[in-house]
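Understanding the architecture of this molecule
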Amino acid sequence: MTNKSRLIYHIEGIVQGVGFRPFVYTIALRYDLNGFVLNNSKGVLIEIEGFEESLDAFEKALFKELPPLARIDFWTKEAITHKGDTTFEIRHSDEAHTKSSPVLPDMSICDECLAELKDPHNRRYHYFFTNCTNCGPRYSIIKTVPYDRPYTSMQPFVMCDECKDEYTNPLDRRYHAQPISCSKCGPTLVLRSMQGDLLSKNEEAIIKLAELINAGHIVAMKGMGGFHLMCDATNEIVVGRLRERKHRPTKPFAVMFKDIEAIKEVCELSYKEEEGILSLLRPIVLVKRKRGLSKISSLIAPHIDRLGVFLPYTPLHIMLFEYLKNPIIATSANRAGEPIISDAQLLEQKLDGVIEYYLDYNREIVNSSDDSVLQYIGDKMLLMRSSRGIAPQSFRVDTQDKRKILAVGAHQKNAIAIYLNHQIIVSPYIGDLDNIASNELFEKMIESFARFYDFTPDLIVGDLHPNYISTQWAKKQNIPFIQVQHHYAHILSTMCEHNLKETVLGVAWDGTGYGDDGTIWGGEFLACTQESYERVCSFEPFLLLGADASIKDIKRILASLLWDEMGDSADEHLLHYFDEKSLKLLKQIYTKKMNSPRCSSVGRLFDAVAVLCGMEGNVSYDGESGLLIESLYDATISEHYVVEIDDTIIQYKSMFVQMLHDKEPRLIASKFINTLVHIIIRLSVQYSYPIVFSGGVFQNRTLVEQILQNVTQNFHFPIQLAINDGGICVGQLYKVLEK
């Protein structure tokens, strides 16, 4: 008989809080192996011994049969002296060193818990907080690590005997599931009026909430990461009332449907879109609405042909739909531009006059998070908001850097990231740092990461812009601070994700970013390495008349471009958009260059094109112009506008004169998109590097579809990271990491 051997495995990745240790325990028993498994500072340590054939089978199973949420990023194995253990056991964590394992995102209900929720013979039938190690809350309930119940907001709830039996049984899928509970020992639901009156509790509260939605009321419900505002998505009057109360004239609302069949009645779904909607992430997915009449209100997403759709992802949402008649709007409960509200007292204070009733529960949301938002273009996923189900996210990087580094991100769509112990950990979406509430969340997120990981940075990295809140915060910390140019950080984030070591041609297009020359960039072609970059080509700048005033009143951008190209003869065309007095005042600003920074942003060009395509009034949300142009695009139109590329400058302004002659919105929008693709093709031929695309402009589905169809060179988009400013923090980190 072969002698027994003993092996020691060090495993890093998503291996804590996901049922990994009981999984190891189970396969060790299966192959009659002895030893132990425990959580340690970097992940999981396994010492295991037995016959070689059994050890080989164990290792195969270890990698092939991982629990649903587990992920192995790095592992080592070595043979050590045989010790003669007679059992296999799960040992307690090495508590002195458990503060570098990643905190996991909240996850949607798994199939096994869903089956229990719907089974009248199961003790968790209709229990609205059913969960196990494969699903349920993580990030929203954790106060610090290790991820043990005393360090979560489940601490006040004492397990009943039945839950305790499951929690302590290594062969049960609820072994060490920290949010474990049942109707006997878990949190309770309450339905209240906005005046604080208690109306009903627990399942009765869910039934009553559904009745209120069915009757046309606007309500709020505390979900996994915060409150959702909810109302009937088919009721035109109530949707209009919600827009009025929220002061949200046109920004689309997300719609939650009971099941995938209900979504298919309203939207056209590709295989990948359906797969994404049904995935354990349960994100909001942007999909194409079917043409013609729809029971979904036309006010949900005015003027565009897309709809943000998602499915119920907690037991509470699923139970609510048992009593609802129709799909519902389910949008973050907040004031415009502020983070999602997770506390009932704040809800009553900030949304008085918006909602009439709310469903609350007595488990604290320690860390709030929004729903994640993404779209599919062909088989490529483009992430637009990384939050619930996805973030916090972590990945290993190839560096020997021993420092702890904090990246504070950008100003819009802010997220932060930290580097420690060979890994980058990215926060959930924080939002635009334009208000006190978002700034407080930004600082709270940094404090939370400090607490989770005993993290005090040796270095902080941020944006070049001197007036960004994130930059100003970093400069006050008495810690070395390095600033990285905005668009370079965009490209670096994608290089980091795809592990690109060679020189790339970075195409960074967005709405705004502070350039090296102090002007506003946003239409950049950059030759990039991890060490440095060269701005090899960019769009000819124009004056952003009145600075931020142009970002809302986008007619000003068109005026600036036409005056640049046509001089005074542009006035007759601009009088279609301005009265004489307003035009005269604006021209004075243009002539004297008063408060009018130079700008090369492609995002702003979309705004000017949208005006020519019929957009009236001020832009009410980020990306509105792009969505209009996207909806007008006609794939049968193959022409593009004539532009000149003179050495390092793209001279495109004559394009807007050509648009005046074209007049027809569908033709203008289609030729504009085609022109942008034409510019990319011309420059990609000039440079033989792989191409990297990043920046908010590439959230435009039609533009990316045309790039995929027409650009033949090797290219990369971000997939795991947000393509907009939410991914910039990773690029900032990547710049300073030791090679």
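Quick caveat: nothing in here was measured; it's all calculated off a predicted structure.

1. Here's the deal with unusual backbone geometry
Cis rather than trans, the peptide bond between Ala391 and Pro392 has omega equal to 5°. Along the chain, Pro392 turns up in the loop between β17 (380–385) and β18 (393–396). The backbone phi angle of His176 is positive, close to 55°, even though this residue is not glycine. Here His176 lies in the loop between α4 (161–167) and β6 (189–193). At His422, a residue that is not glycine, the phi angle is positive and equals roughly 70°. Take His422: it is sitting in the loop between β20 (417–420) and β21 (423–426). Owing to a relative accessible area of 13%, His422 belongs among the buried residues under this scheme.

2. A short note on the pattern of salt bridges
Taken as a whole and judged by the stated rule, the model has 40 salt bridges. A salt bridge links Glu162 to Lys184, with the nearest nitrogen and oxygen atoms 2.6 Å apart. Remark: Lys184 occurs in the loop between α4 and β6 and Glu162 occurs in helix α4; sequence separation between them is 22 residues. What makes Glu162 partly exposed here is its relative accessible area of 36%. Looking at Lys184, the relative accessible area reads 63%, which means it is exposed.

3. Notes on the packing of aromatic side chains
Inspection of the entire model under this criterion finds 28 aromatic pairs. Considering the side-chain rings of Trp509 and Phe539, the 5.6 Å spacing of their centres and the 85° angle between planes classify their relative orientation as edge-to-face. Note that Trp509 is positioned in strand β24 (residues 504–514) and Phe539 in strand β26 (residues 533–539), a separation of 30 residues in sequence. Each member of the pair Trp509 and Phe539 is classed as buried. Pairwise contacts between aromatic rings join Trp509, Phe525, Phe539, Tyr652, Phe693, Phe698, Phe715 and Phe717 into one cluster. The ring of Tyr361 has Lys222 sitting right over it, with the charged end atom 4.4 Å from the ring centre. Of note, Arg396 hangs over the ring of Phe74, and the distance from its end group to the ring centre comes to 3.8 Å.

4. Some words on the nonpolar core
Within the largest apolar cluster, 75 residues are counted, with the highest numbers of intra-cluster contacts made by Trp509, Phe525, Phe539, Tyr652, Phe656 and Phe698. At nine residues, helix α21 (residues 665–686) tops the list of elements feeding residues into this core. When near neighbours in sequence (up to four residues on either side) are disregarded, Tyr652 contacts Phe539, Glu540, Phe542, Leu561, Leu605 and Val643. In terms of nonpolar packing, the next biggest core, distinct from the first, is built from 44 residues, Val255, Ile263, Tyr376 and Met381 among them.

How each quantity is defined
- Residues numbered from 1 in each chain as written.
- Predicted model: local features only at pLDDT ≥ 70, side-chain atom pairs only at ≥ 80, totals over all residues.
- Heavy atoms only, no water.
- Helix = DSSP H or I, 4+ residues; strand = E, 2+ residues; numbered from the N terminus.
- Buried < 20%, exposed > 50% of the residue type's maximum accessible area, 1.4 Å probe, protein only.
- Salt bridge = Lys/Arg side-chain N within 4 Å of Asp/Glu carboxyl O.
- Phe/Tyr/Trp six-rings, centres within 6.5 Å; stacked < 30°, edge-to-face > 60°.
- Lys NZ or Arg CZ within 6 Å of the ring centre and 35° of its normal.
- Core = buried A, V, L, I, M, F, W, Y, C linked by side-chain atoms within 4.5 Å.
- Contact = heavy atoms within 4.5 Å.

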